[in-house]
Amino acid sequence: MDDVETTIQLLASLMPQLMANNTIRREILGQYTQVFQGLFDEITVMQQKIGKQWPSELIHSLLEVSGLGEWYKREPVRYQNLRRLLVVAKEKEGSYGSAVSALEGFLQFAALAKNVDSIAENDQVAVITVHQAKGLEFDVVFVAGLSQYEFPHFGATNSGNEVEEKRLFYVAVSRAKQQLFLSGHRWHQTKERTPSPLVKLIRPYLNVLR
């Protein structure tokens, strides 16, 4: 409630100033509207293509209209990243029945996976957050930081709201297909830490707990 009350007080203070300067703001908008008209038109055209074009087609159109595709040709690594984005979009959209559902699915995949798939293809270790790991699976998973006040974090423990932390812990441990390693630290600077209480939730299912 402190945040809510502070926000209300800020709005009560700022809104009169905003209204007082409304004429000035309109004059500024009038001066620079034409400068950004081209960009506005391009965005409008792209918006109209949503739901009509598949994700790979949308990305290709965006790269052409914005000029990013041509611009990054001078930077081979970044240009290859863009090409890779097109390939991934094309691969993912094949499992959807419509352009709209394909776009929603691709955006969800991009938000959760980020660069994980590319890292895995290069046989490198993927260092990611639990949030990023949602929807993904790995042969071997290491969950680090399973110590008091780390996971669950201090804020959740202090407020007694650990439900979301339990959900995230479930996501973390269920990403492993073959092997799961849980680790934590006993000391933080000069303070001793106990193991995370979350570990106790799955202790009956573990063959070895160190």
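Our structure's up above, just so we're on the same page.
Fair warning: this is a prediction, and the values are worked out from it, not measured in the lab. (Residues numbered from 1 in each chain as written. Predicted model: local features only at pLDDT ≥ 70, side-chain atom pairs only at ≥ 80, totals over all residues. Heavy atoms only, no water.)

Asker: Explanation requested: the overall build of the protein chain in the structure shown.
Answerer: Broken down by element type, the protein chain carries 12 helices and 4 strands. The 210 residues of the protein chain split such that 22% are buried. Within the protein chain, counting contacts between residues at least 6 apart in sequence, those at least 24 apart form 61% of the total. As displayed, the protein chain has an accessible area near 15900 Å², and 56% of this comes from carbon and sulfur atoms. (Helix = DSSP H or I, 4+ residues; strand = E, 2+ residues; numbered from the N terminus. Buried < 20%, exposed > 50% of the residue type's maximum accessible area, 1.4 Å probe, protein only. Contact = heavy atoms within 4.5 Å. Areas by Shrake-Rupley, 256 points an atom, 1.4 Å probe, with all protein chains shown as cover.)

Asker: Sorry if this is basic, but what is going on with the pattern of salt bridges here?
Answerer: Pairing is possible between side chains that carry opposite charge, provided their charged atoms lie close to one another. With the rule as written, the count across this model stands at 6 salt bridges. Close ionic contact of Glu75 with Arg78 constitutes a salt bridge, the shortest N to O distance being 3.5 Å. Its relative accessible area of 30% is what places Glu75 among the partly exposed residues. What makes Arg78 partly exposed here is its relative accessible area of 46%. (Salt bridge = Lys/Arg side-chain N within 4 Å of Asp/Glu carboxyl O.)

Asker: What exactly am I supposed to notice about the packing of helix 4 (residues 55-66) against helix 6 (residues 76-93) here?
Answerer: Two packed helices can be described by the angle between their axes and the distance between those axes. Between helix 4 and helix 6, the least distance of the axes is 8 Å, while the angle of their chain directions is 155 degrees. In terms of orientation, helix 4 lies roughly antiparallel with respect to helix 6. Along its contact with helix 4, which presents Pro55, Ser56, Ile59, His60 and Leu63, the element helix 6 presents Leu82, Leu85, Leu86, Ala89, Lys90 and Glu93. Residue classes in the contact of helix 4 with helix 6 are distributed as 7 nonpolar, 2 polar and 2 charged. (Axes fitted to C-alpha atoms, helices over the stretch in contact; angles between N-to-C directions. Parallel < 35°, antiparallel > 145°, perpendicular 65-115°, else oblique. Nonpolar A, V, L, I, M, F, W, Y, C, P; charged D, E, K, R; others polar.)

Asker: Whenever I open this one, the packing of helix 3 (residues 37-49) against helix 4 confuses me. Can you help?
Answerer: Where helix 3 meets helix 4, the closest approach of the two axes is 11 Å, and the angle between their N-to-C directions is 170 degrees. In terms of axis orientation, helix 3 runs roughly antiparallel to helix 4. For the pair helix 3 and helix 4, the contacting residues are Glu42, Met46 and Lys49 in the first and Leu58, Ser61, Leu62 and Val65 in the second. Here the residues of the contact of helix 3 with helix 4 sort into 4 nonpolar, 1 polar and 2 charged.

Asker: Help me understand the environment of Glu164, please; the structure alone is not making it clear to me.
Answerer: One can find Glu164 in helix 11 (residues 163-173). C-alpha of Glu164 to C-alpha of Pro152: the two residues are 12 residues apart in sequence and 9.0 Å apart in space.

Asker: So what exactly am I meant to see when it comes to a nonpolar patch on the surface here?
Answerer: Judged by side-chain polarity, Ile24, Ile28, Tyr32, Val35, Phe36, Leu39 and Ile43 come together as a nonpolar surface patch covering roughly 700 Å² of accessible area. For the nonpolar patch, the elements supplying multiple residues, two or more each, are helix 2 (22-32) and helix 3. A per-element tally of the nonpolar patch places helix 2 first, with 3 residues. Leu39 gets classed as partly exposed once you look at its relative accessible area, which sits at 47%. (Patch = residues over 30% accessible without salt bridge, like charges linked within 9 Å, V, L, I, M, F, W, Y side chains within 5 Å.)

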